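What follows is each chain in one-letter form.
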Amino acid sequence: SFEMPQDFETLFALLEANPASKLVAGGTDLALAITKHREHLPHLVSLEAIAALRELRFDEEGVWVGAAVPLTDLEAACAEQLPVVARILRYFGARQIKHRATMGGNLCNASPIGDLAPLLLALEAVVVARSSAGRREMSMEAFFQGYRKTALRPGEILEAVRIPPLGRRVKVGAYKVSRRRELDISAVAAGMWVELDDQGVVVEARLGYGGMAATPIRAHATEAFLRGRTWTQPLVE
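Let me sum up the structure you'll find in this document. Keep in mind the model is a prediction, meaning the values are calculated, not measured.

Summarising the sheet, strand S6 (residues 126-131) and strand S7 (residues 134-139) pair through six bridges and their orientation is antiparallel. Across the sheet, residue Arg 130 finds its bridge partner in S7, namely Arg 135.

Structural data, given as structure tokens:
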């Protein structure tokens, strides 16, 4: 069966009645279970008709990205206001895929080589989860609990990701290494956020990596090494 609820109340009632339901956002990853693995998915619940999940806004608290926002829309919106996100999305995949794929789908499959997670780790993004009991927030680090395992509880969905403002004296970067320039999974991906003081000394650093472990991870030891040191080419090398 296929359901397309239009509000959270109906959605959570469906998930309570059918705990084994598979959620559909863009379907670009879930469809492979059928086409590649010949799986039978008896109960699908689409999130596409819930308008709140497609909300995308910029304000003093940063960027609110609804879990069902298509990546094409996010890329276009971030082109001027948050170009580092637009950069990683530029090499994410083909335009057709980005028209369907979503922020929530990319994070909830919890792949260690998902392209968005390393950058979101570096930007200290916050995960907003929602269930019939209400909302709860967690860090991006806490969200990934193991290989393809997230901190979402039964009956809970990823509602949005909130990216805080970058800060005034920061350097940010996003990088992806893959065999093809686009439309390929990453061998390694990295997101970097470094805050400097007026003298060019590193106040804080956050470095996120994908493809290095069972989950996307922060390079805490390297971050600690950078703090208090003058930002120079030799230091970076």
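A few words now on the nonpolar core. Leu 74, Val 85, Met 103, Leu 107, Leu 120, Met 140 and Ile 163 are the most contacted members of the largest nonpolar core, which totals 38 residues. Of all the secondary structure elements, the ones that give two or more residues to this core are strand S5 (62-66), helix H3 (71-81), helix H4 (83-90), helix H6 (103-108), helix H7 (116-122), S6, helix H8 (140-143) and strand S10 (157-163). The dominant element in this core, judged by the number of residues it contributes, is H7, at six residues. Judged by nonpolar contacts, the second largest core, of eleven residues, contains Leu 14, Val 45, Ile 50 and Leu 53.

This part covers the packing of aromatic side chains. With the rule as written, the count across this model stands at two aromatic pairs. With centroids separated by 6.0 Å and ring planes inclined at 10°, the aromatic side chains of Phe 8 and Phe 12 adopt a geometry described as stacked. Placement of both Phe 8 and Phe 12 in helix H1 (residues 8-17) is noted, with a separation of four residues, approximately one turn of the helix. Exposure class is identical for Phe 8 and Phe 12. Each is buried. Residues Phe 143 and Phe 144 carry aromatic rings whose centres are separated by 5.3 Å and whose planes lie at 75° to one another, so their mutual orientation is edge-to-face. You can call Phe 144 buried: its relative accessible area is 8%. Over the aromatic face of Trp 193 sits the side chain of Arg 206, whose NZ or CZ is 3.7 Å from the ring centroid. The ring of Phe 225 is capped by Arg 229, whose NZ or CZ atom sits 4.1 Å from the centre of that ring.

This part takes up the sheet that holds strand S12 (residues 188-196). The strand order S11-S12-S13-S14 describes an open sheet built from four strands, whose pairing is antiparallel. If you trace the sheet from one side to the other, it starts and ends with strand S11 (170-177) and strand S14 (217-218), each paired once. With eight bridges connecting them, S12 and strand S13 (residues 202-210) associate as antiparallel partners. By the bridge assignment for S13, Trp 193 is matched with Arg 206.

This part covers the pattern of salt bridges. Per the counting criterion, the structure on display carries 16 salt bridges. Glu 75 serves as the salt-bridge partner of Lys 98, at 3.0 Å between the closest nitrogen and oxygen. Here Glu 75 lies in helix H3 and Lys 98 lies in helix H5 (residues 95-100), a separation of 23 residues in the sequence. This pair shows no difference in class: Lys 98 is buried, exactly as Glu 75 is. Between Glu 204 and Arg 227 there is a salt bridge whose closest N-O contact spans 2.7 Å. You can see Glu 204 sitting in strand S13 and its partner Arg 227 sitting in the loop between helix H9 (220-226) and helix H10 (233-236), a full 23 residues away along the chain. According to the relative accessible area criterion, Glu 204 is partly exposed, its value standing at 25%. Here Arg 227 falls in the partly exposed class, since its relative accessible area comes to 35%. Several salt bridges converge on common partners, so that one network encompasses Glu 141, Glu 204, Arg 218, Glu 223 and Arg 227.

Reading the values: the criteria
- Residues numbered from 1 in each chain as written.
- Predicted model: local features only at pLDDT ≥ 70, side-chain atom pairs only at ≥ 80, totals over all residues.
- Heavy atoms only, no water.
- Pairing = 2+ DSSP bridges.
- Helix = DSSP H or I, 4+ residues; strand = E, 2+ residues; numbered from the N terminus.
- Core = buried A, V, L, I, M, F, W, Y, C linked by side-chain atoms within 4.5 Å.
- Buried < 20%, exposed > 50% of the residue type's maximum accessible area, 1.4 Å probe, protein only.
- Phe/Tyr/Trp six-rings, centres within 6.5 Å; stacked < 30°, edge-to-face > 60°.
- Lys NZ or Arg CZ within 6 Å of the ring centre and 35° of its normal.
- Salt bridge = Lys/Arg side-chain N within 4 Å of Asp/Glu carboxyl O.

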